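Each chain, written out:
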Amino acid sequence: MAKVPVQFTLNGEEKADFVDGGATLLKVLREKVGDTSAKAGCQQGTCGSCSVIIDGELRLSCLTLAETCGGAEIHTTGGLATDGVLHPLQRAFMDEFAAQCGFCTPGMIMAAKVLLDRNPNPSHEDVVEALSGNVCRCTGYEPIIRAVLTAARSNSQNAA
Amino acid sequence: MPLALKTCSTISEAGTALKEAGTRYLGGGTLVVRAANEGDVSVSTLVRSTDPALSSISIDGGRATIGASVTMSAVARHPGLSSIAKVAKAVGGPAIRNMATVGGNLFAASPYGDFTVALLALDATVHTTEGHLGAEEFLAGRDGRVVSAVSFDVPSAEQFRFVKISRIKPKGVSVLSIAALVENAGGKINGARIALGCMADRPIRAKAAEKALAGATLTEEGVAPAVAAIGEGTRPLTDAIASAWYRGEVLPVHFRRLLLE
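Residues numbered from 1 in each chain as written. Chains lettered and ligands numbered in written order. Predicted model: local features only at pLDDT ≥ 70, side-chain atom pairs only at ≥ 80, totals over all residues.

Peer 1: For this particular structure, what's the right way to read the overall build of chain B?
Peer 2: Tallying secondary structure elements over chain B gives 11 helices and 12 strands in all. Compactness check: chain B gives a C-alpha radius of gyration of 18 Å against a globular reference of 18 Å for 261 residues, within 12% of the reference. Dimensions of chain B along its principal axes, counting C-alpha atoms only, are 60 × 45 × 30 Å. Pairs at least 24 apart in sequence give 58% of the contacts found in chain B among residues at least 6 apart. (Helix = DSSP H or I, 4+ residues; strand = E, 2+ residues; numbered from the N terminus. Rg over C-alpha atoms; globule rule 2.2 N^0.38 Å. Contact = placed C-beta atoms within 7 Å.)

Okay, structure coming up:
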């Protein structure tokens, strides 16, 4: 099967590669580009651990064909920290003990990021809704919800 | 097995490409890429169309036309579609709603396809590469034609009722879903179209209950005959979410609540 050229921006960096036709973005990110922050969980669109942000919208990289991402701007949890300084969401996830095994964390953080980008002061209910496509089998969700609310507060303090 | 993706600039080109063996249409990917990930080897080529008409929503004289590639998120946030926004919001989580399309939902097997349940209640027209047909007729065949759009008269918030029952809150796969278009004139029901999800292998109409509602009042006694008839003709499925028995038992309960809410 012929390879297909794909070019996109990943966390602000241009990437170009030849991929198998029909390869998912998740597979290309993890196995070709080397960004393993998005996780391969169910690969059925149920668990949310592969969530990435494509052109500002939360998407599941396991159900997105890499070939359809030509020219897209993709963001993953792997690109959140700048010069070794963690993003407020990453910091809050640590402070609130929102990660246990950590497998769902990158997806949770991406889902939380699109929420906070649009709604800097979300309610508890807004956070529950925003994370409703992401499954966590460790924490019982409450620490994760607290972490997102904490990150929102620290963002608004920094802005003030 | 590697998949190939064929991108067509027009929908008619996609229609022609789909006539080849081993092809499936790629909408948002939440059904066909999922199937491929699960090991479905019946598909070797995915066909998609980048025709911009497929992604547009237009509302003209109270009738909405929604392109097949329009996502659930786009429906949910469209100001002219607020009366059916709750249906789009009931589909999946935020990421799924950013991907799943109106056209794809028409092909979703139970327990998925809640949006189509609403389209059936709204008596939507399905526009395809091979002509237009009613949602009910389309669902009976659901063959390989390419859907370009769906159109329906936008209901008022008062006319249109919808409920999706899931075991996981706020998001979960359907135990069942009910959509009802109820014409209420001076306390009496003029006519009703009721559609059910998960009560067969695809969304179906509840015609016996529709008939029983004609002329009834929206009171406990008034809706009782329709509630008693709601299960008629249903063949609910048994899956990991619920058994056929359970779905059959809770259907009248949720239908009654939906009418009296």
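Peer 1: I would appreciate a short explanation of the interface of chain A and chain B in the present structure.
Peer 2: Contact with chain A, which involves 26 residues of that partner, is made by 20 residues of chain B. The set of elements that each furnish at least two residues to the side of chain A that touches chain B consists of strand 4 (57-60) and helix 4 (124-130) of chain A. Tallied by class, the residues present in the side of chain A that touches chain B amount to nine nonpolar, 12 polar and five charged. (Nonpolar A, V, L, I, M, F, W, Y, C, P; charged D, E, K, R; others polar.)

Peer 1: In this structure, what is going on with the domain arrangement of chain B? I would like to understand it.
Peer 2: How big an interface is tends to be reported as the loss of accessible area on association of its parts. Taken domain by domain, chain B comprises domain 1 (4-49), domain 2 (52-153) and domain 3 (160-260). For domain 1 of chain B versus domain 3 of chain B, the distance between C-alpha centres works out to 34 Å. (Domains from an automatic or database assignment.)

Peer 1: Would you explain the environment of Glu261 of chain B in this entry?
Peer 2: Here Glu261 of chain B lies in the segment after helix 11 (244-260). In this structure, the C-alpha to C-alpha distance between Glu261 of chain B and Arg161 of chain B, residues 100 residues apart in sequence, is 9.3 Å.

Peer 1: Sorry if this is basic, but what is going on with the packing of helix 10 (residues 220-229) of chain B against helix 11 of chain B here?
Peer 2: All names here are of chain B. Here helix 10 crosses helix 11 at 140°, and the two axes come no closer than 10 Å. In terms of orientation, helix 10 lies oblique with respect to helix 11. Remark: the crossing between helix 10 and helix 11 carries right-handed chirality. Where helix 10 approaches helix 11, its residues Glu220, Val223 and Val227 are matched on the opposing element by Pro252, Phe255, Arg256, Leu259 and Leu260. Of the residues that constitute the contact of helix 10 with helix 11, the class distribution is six nonpolar, no polar and two charged. (Axes fitted to C-alpha atoms, helices over the stretch in contact; angles between N-to-C directions. Parallel < 35°, antiparallel > 145°, perpendicular 65-115°, else oblique. Left-handed = near helix turned anticlockwise from the far one by under 90°.)

Peer 1: Whenever I open this one, the nonpolar core confuses me. Can you help?
Peer 2: If you look at soluble globular proteins, the nonpolar side chains tend to sit buried side by side. Of all hydrophobic cores here, the largest spans 130 residues; its most connected members are Ala111, Ala112 and Val148 of chain A together with Ala118, Leu119 and Ala121 of chain B. It is helix 3 (residues 105-118) of chain A that contributes the most residues to this core, eight residues altogether. In contact with Val148 of chain A, not counting residues within four places along its chain, are Ala112 and Val127 of chain A. (Core = buried A, V, L, I, M, F, W, Y, C linked by C-beta atoms within 7 Å. Buried ≥ 20, exposed ≤ 12 C-beta atoms within 10 Å, placed from the backbone.)

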